[in-house]
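# Coordinate inspection notes
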There are 2 protein chains.
Amino acid sequence: MDSIAYFDNAATTFPKPEEVYQFVDRFYRTCGVNVGRGQHKLASQAAKLVQDTRTALLSLFHCPNKKVVFTHTATEAINLILQGLPISNDFNIYISPFEHNAVTRVLNHLQRIYDINVIQLAVDKKALTYDFDRIQNQFAENKPNWLIVSHASNVCGVVAPIRKLCNMAKLCGAITLIDMCQTAGLIDVDLSSNDIDFAVFAGHKTLYSPLGVAGVISSFEIKPEPLIYGGTGVESASQALPESIPERYEVASPDIAAIAGLYASLHWIEKTGIENICSKEQENKDKLIAVLNEFPNVKVIDTKKTESIGVVSCVFEGYSSDNIGQILSKQNIAVRTGLHCAPFAHQFLGTFPSGTVRFSVSYFNTDDDFEKLESALEYIEENS
Amino acid sequence: MDSIAYFDNAATTFPKPEEVYQFVDRFYRTCGVNVGRGQHKLASQAAKLVQDTRTALLSLFHCPNKKVVFTHTATEAINLILQGLPISNDFNIYISPFEHNAVTRVLNHLQRIYDINVIQLAVDKKALTYDFDRIQNQFAENKPNWLIVSHASNVCGVVAPIRKLCNMAKLCGAITLIDMCQTAGLIDVDLSSNDIDFAVFAGHKTLYSPLGVAGVISSFEIKPEPLIYGGTGVESASQALPESIPERYEVASPDIAAIAGLYASLHWIEKTGIENICSKEQENKDKLIAVLNEFPNVKVIDTKKTESIGVVSCVFEGYSSDNIGQILSKQNIAVRTGLHCAPFAHQFLGTFPSGTVRFSVSYFNTDDDFEKLESALEYIEENS
């Protein structure tokens, strides 16, 4: 297969740093066992790796006082929290206009059980900036019980002012949840504040680890009910799950290979520098937008008035998004088209139901990728 | 580190076949993307691999008419079924005496909500054989609503007569669930029968795949409520999960590397032959028991009167299990001690609460492993 210009990094970053592949393979071949303390040397070594990965994550987010619970996907982490928190009728649940189905489908499930209000935070439709005055009014009118915000939209890349939003919600007594799937390891975030109750990360996106590891960072002063019941390797005689964190939520065999990959990618991020990763990704975003802007029939969703990451959505006049995806695929350009599991974001942006063509860059995109993209867009222009 | 004689294969098989490591590494490096049909070439290639893995699994279990739902762990699969099935007060739920906390802790959770009866199937304590006459009486006295049976005990290796048990329960109208964590890929099982509603497998044990992939095989004529809500990549505009299987239950990004590993290990199983794998594992079990029987202070749980796999539990007179585990670890022997997340099995076997020392073999144990074990046991005998 010809080499592919990969602009689907918001789905999963690809490739990963070379050391991630190497470390995963080596660790799996030499220590791919089930974690357990004091059982045997390999199990202890695997347990130490898991522990060291937790420490590295808390260091990355400047919150050594908090705890990490690993899950297999960010979706599982979000379900663990939202299905596990106390809830009752008349709850006001604020979300950003950009939430993924990993949030909104859980809320839809809860709405079938409880009479709750799901309210979108006020965001200016043109500037795509959060309108704090209107949000203050929203909170005054309907006191927030939960606040759930994607740190960056997986559709248009807009970054939410999470510190300010969580602080405003916290002053009203809300529980706050930040979805950092598109930003963990890319934007330097301090999670030590008590304003952020739960922060969810996905290893395989901006953290450049393999698929199979994600999780929650929290003080766990608020303890959701468990989502999954099973063996924990500790307190096995009891039929209740242990109260201790992370054991309460980490049932079954941890995916040691994926966690080894996260360990290696965290090391790569530390070595490379999160600011260098971010500035390289922003450079690649600028190159991407420059290429897209060469073509008058490509309408890019404009995020210039706000902070955004390297996730860029656009529509091609005269084409459906899926049609463009197919043409680009034939030209060896990888993009993701349609609704990106975030229908409300597209409704807000005015691109529902046909969706957009989404281009998303990473640290690893090359000039060759952008040249290939330019050629492919020229081909589309010439043949339209 | 000196090489380790690994007898903890019931926790996870180690090592894996060489081609599994190679295939995972190569696939991840060339195609480690997010699955999606018609999105781009790599995504389509990843989607094809997932589809081919489903087909290979259904072929292994002789049930091309059934469906595979992938989860990340067998525990998640069991929770999906048991938390998702219709249930009401006075349900009679039959389990084997050997169930893992992955089953019993879910039932304990359900018992906090419903007034249900959890009943152990009658098994002869000496022969460790299922007593069909007594079970028939149990079913007559308290009609079974659910039957949940581990195909093989992760504590003592005893194999349950699943076809007969499921047939008996099905005649009473029960829903049946088989936990094949310790047997999938090792014992040739035909799952085409309608007597078995749900069969759960774990990739990383007897299927010799990496951690991170497990699942359920079923006709899904009975559809549990979903456990986790989120994006599926299909029908994204809808806030309800799709009705179609497997999409209804497979939310979030599938772990393509783990599934690639399962694809490769299924190929290895087909090439090697399930009967050859089983007979080699039985040979290794016999070698293991022969070594253990050389030492009079080692009391092996006797499974000679029934079928069993290469999972052998024993107690060392004069020592706690954990103590033996530590001594063996220093001698570079990997075992698992204690309750093995199956306290009821130990209660039944009379080894609760101190547990046992569990030795579990795989296809890959070598004569060198058994020699190392013999030397270590001699060392313990001499120093006791």
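Calculation criteria
- Residues numbered from 1 in each chain as written.
- Chains lettered and ligands numbered in written order.
- Predicted model: local features only at pLDDT ≥ 70, side-chain atom pairs only at ≥ 80, totals over all residues.
- Heavy atoms only, no water.
- Helix = DSSP H or I, 4+ residues; strand = E, 2+ residues; numbered from the N terminus.
- Rg over C-alpha atoms; globule rule 2.2 N^0.38 Å.
- Buried < 20%, exposed > 50% of the residue type's maximum accessible area, 1.4 Å probe, protein only.
- Contact = heavy atoms within 4.5 Å.
- Areas by Shrake-Rupley, 256 points an atom, 1.4 Å probe, with all protein chains shown as cover.
- Lys, Arg positive; Asp, Glu negative; His and termini not counted.
- Charge placed at Lys NZ, Arg CZ, Asp CG, Glu CD.
- Buried area = accessible area lost by both parts, 1.4 Å probe.
- Salt bridge = Lys/Arg side-chain N within 4 Å of Asp/Glu carboxyl O.
- Polar contact = N/O pair within 3.5 Å; in protein donor to acceptor, adjacent residues only side chain to side chain.
- Axes fitted to C-alpha atoms, helices over the stretch in contact; angles between N-to-C directions.
- Parallel < 35°, antiparallel > 145°, perpendicular 65-115°, else oblique.
- Left-handed = near helix turned anticlockwise from the far one by under 90°.
- Nonpolar A, V, L, I, M, F, W, Y, C, P; charged D, E, K, R; others polar.
- Phe/Tyr/Trp six-rings, centres within 6.5 Å; stacked < 30°, edge-to-face > 60°.
- Lys NZ or Arg CZ within 6 Å of the ring centre and 35° of its normal.
- Least-squares fit on C-alpha atoms with pLDDT ≥ 70 in both.
- Disulfide = S-S within 2.5 Å.
- Patch = residues over 30% accessible without salt bridge, like charges linked within 9 Å, V, L, I, M, F, W, Y side chains within 5 Å.
- Pairing = 2+ DSSP bridges.
- Domains from an automatic or database assignment.

## Description of the overall build of chain A
- For chain A, the count of helices and strands is 11 helices and 13 strands.
- On C-alpha atoms alone, chain A measures out to a radius of gyration of 21 Å, which is about the 21 Å that the 2.2 N^0.38 rule sets for 384 residues.
- By principal-axis analysis of the C-alpha atoms, chain A measures approximately 70 × 55 × 35 Å.
- When the 384 residues of chain A are sorted by exposure, 64% land in the buried category.
- Residue pairs in contact within chain A that sit at least 24 positions apart in sequence constitute 70% of those at least 6 positions apart.
- Surface exposure of chain A reaches about 13,900 Å², of which carbon and sulfur atoms provide 48%.
- Both charge centroids of chain A, one from 32 positive and one from 44 negative side chains, sit 4 Å from each other.

## Points about the interface of chain B and chain A
- Contacts between chain B and chain A engage 85 residues on the former and 85 residues on the latter.
- For the pair chain B and chain A, the summed buried area comes to about 6,400 Å², and 56% of that belongs to carbon and sulfur atoms.
- Counting the surface chain B buries against chain A, the share from its top three residues, Arg105, Tyr229 and Gln239 of chain B, is 14%.
- Taken together, chain B and chain A are joined by two salt bridges.
- Of the charged contacts in the structure, one is a salt bridge between Arg29 of chain A and Glu18 of chain B, with a shortest N-O distance of 2.8 Å.
- Our enumeration of links across chain B and chain A arrives at 40 residue pairs in polar contact (both at pLDDT 80 or more).
- Of all the secondary-structure elements, those providing two or more residues to the side of chain B that touches chain A are helix H1 (18-31), helix H2 (41-60), helix H3 (74-84), helix H4 (101-111), helix H9 (321-330), strand E11 (333-334), strand E12 (336-338) and helix H10 (343-349) of chain B.

## Describing the packing of helix H5 (residues 132-141) of chain A against helix H6 (residues 162-171) of chain A
Residue and element names in this part refer to chain A.
- Between H5 and H6, the least distance of the axes is 11 Å, while the angle of their chain directions is 25°. Relative to H6, the element H5 lies roughly parallel. You can see that H5 and H6 cross each other, and the crossing is right-handed. Across the interface between the two elements, Phe132, Ile135, Gln136 and Phe139 of H5 pack against Lys164, Leu165, Met168 and Ala169 of H6.
- Of the residues in the contact of H5 with H6, the class split is six nonpolar, one polar and one charged.

## So, the packing of aromatic side chains
- Per the stated rule, a full pass over the model turns up 32 aromatic pairs over all chains.
- Between the aromatic rings of Phe23 of chain B and Phe27 of chain B, the centroid separation amounts to 6.0 Å while the plane-to-plane angle is 20°, which identifies the pairing as stacked. With Phe23 of chain B and Phe27 of chain B both in helix H1 and four residues apart, this pair spans about one turn of that helix.
- Accessibility expressed as a relative area gives 8% for Phe27 of chain B, which makes it buried.
- Here a set of aromatic residues connected by ring pairs shows up, and it is made of Tyr208, Trp268, Tyr363 and Phe364 of chain A.
- The aromatic ring of Phe132 of chain A is capped on one face by Lys164 of chain A, whose charged end is 5.4 Å from the ring centroid.
- For Lys280 of chain A, the ring lying beneath its charged end belongs to Tyr363 of chain A, and the centroid distance is 4.6 Å.

## With respect to the relation of the copies chain B and chain A
- The operation relating chain B to chain A is a screw motion whose rotation component is 180°, with 0.0 Å of axial translation and a residual RMSD of 0.0 Å. Read as a symmetry element, the transformation amounts to a two-fold axis.
- The overlap is high: 100% of the interface residues of chain B also sit at the interface in chain A, so the same surface is used on both sides.

## With respect to the state of the cysteines
- This structure, assessed with the given rule, holds zero disulfides over all chains.
- The thiol sulfur of Cys181 of chain A is not disulfide-bonded, and the nearest other cysteine sulfur, from Cys341 of chain A, lies at 12 Å.
- Just so you know, Cys172 of chain B is unpaired, no disulfide at all, and the nearest cysteine sulfur is the one on Cys166 of chain B, 12 Å from it.

## Thoughts on a negative patch on the surface
All names here are of chain A.
- On the surface, Glu294, Glu378, Glu381 and Glu382 cluster together into a negatively charged patch.
- Looking at the secondary structure, you find Glu382 in helix H11 (residues 367-382).
- Here Glu382 falls in the exposed class, since its relative accessible area comes to 62%.

## A closer look at the sheet that holds strand E9 (residues 298-300) of chain B
Residue and element names in this part refer to chain B.
- The four strands are arranged E9-E10-E13-E12 in an open sheet whose pairing can be described as antiparallel. Of all strands in the sheet, those bounded by a partner on one side alone are E9 and E12. Neighbour-to-neighbour, the strand axes of this sheet turn through a mean angle of 30°, independent of strand direction.
- Of the strand pairs in this sheet, strand E10 (residues 311-316) and strand E13 (residues 356-360) are connected by four bridges, and their pairing is antiparallel.

## A word on the pattern of salt bridges
Residues and elements named next belong to chain A.
- Scanning the model with the defined rule gives 30 salt bridges over all chains in all.
- Here Glu250 makes a salt bridge to Arg54, at a shortest N to O gap of 2.8 Å. Note that Glu250 is positioned in the loop between strand E8 (214-218) and helix H7 (256-272) and Arg54 in helix H2 (residues 41-60), a separation of 196 residues in sequence.
- Judged by its relative accessible area of 18%, Glu250 falls in the buried class.
- For Arg54, a relative accessible area of 10% translates into the label buried.

## Looking at the domain arrangement of chain A
Residues and elements named next belong to chain A.
- As far as domains go, chain A holds domain 1 (5-17 + 273-382) and domain 2 (18-272).
- A straight line from the C-alpha centre of domain 1 to that of domain 2 covers 26 Å.
- The interface of domain 1 with domain 2 comprises 41 residues on the first partner and 44 residues on the second.
- Considering only the surface of domain 1 that becomes buried against domain 2, Pro17, Ile274 and Phe348 emerge as the three largest contributors, covering 23% of it.
- Where domain 1 meets domain 2, there are zero salt bridges.
- Viewed at the interface, domain 2 and domain 1 are joined by 22 residue pairs in polar contact (both at pLDDT 80 or more).
- Elements with a contribution of two residues or more to the side of domain 1 that touches domain 2: helix H8 (274-293), strand E10 (311-316), helix H10 (343-349) and strand E13 (356-360).
- Looking at the side of domain 1 that touches domain 2 element by element, the count peaks at seven residues for H10.

## Observations regarding the packing of helix H3 (residues 74-84) of chain A against helix H4 (residues 101-111) of chain A
Residue and element names in this part refer to chain A.
- At a closest axis distance of 10 Å, the pairing of H3 and H4 adopts a crossing angle of 30°. Handedness of the crossing formed by H3 with H4: right-handed. Residue-level inspection shows Thr75, Ile78, Asn79, Leu82 and Gln83 of H3 in contact with H4, the latter providing Ala102, Val103, Val106, Leu107, His109 and Leu110.
- Taken together, the residues that form the contact of H3 with H4 break down as seven nonpolar, four polar and no charged.

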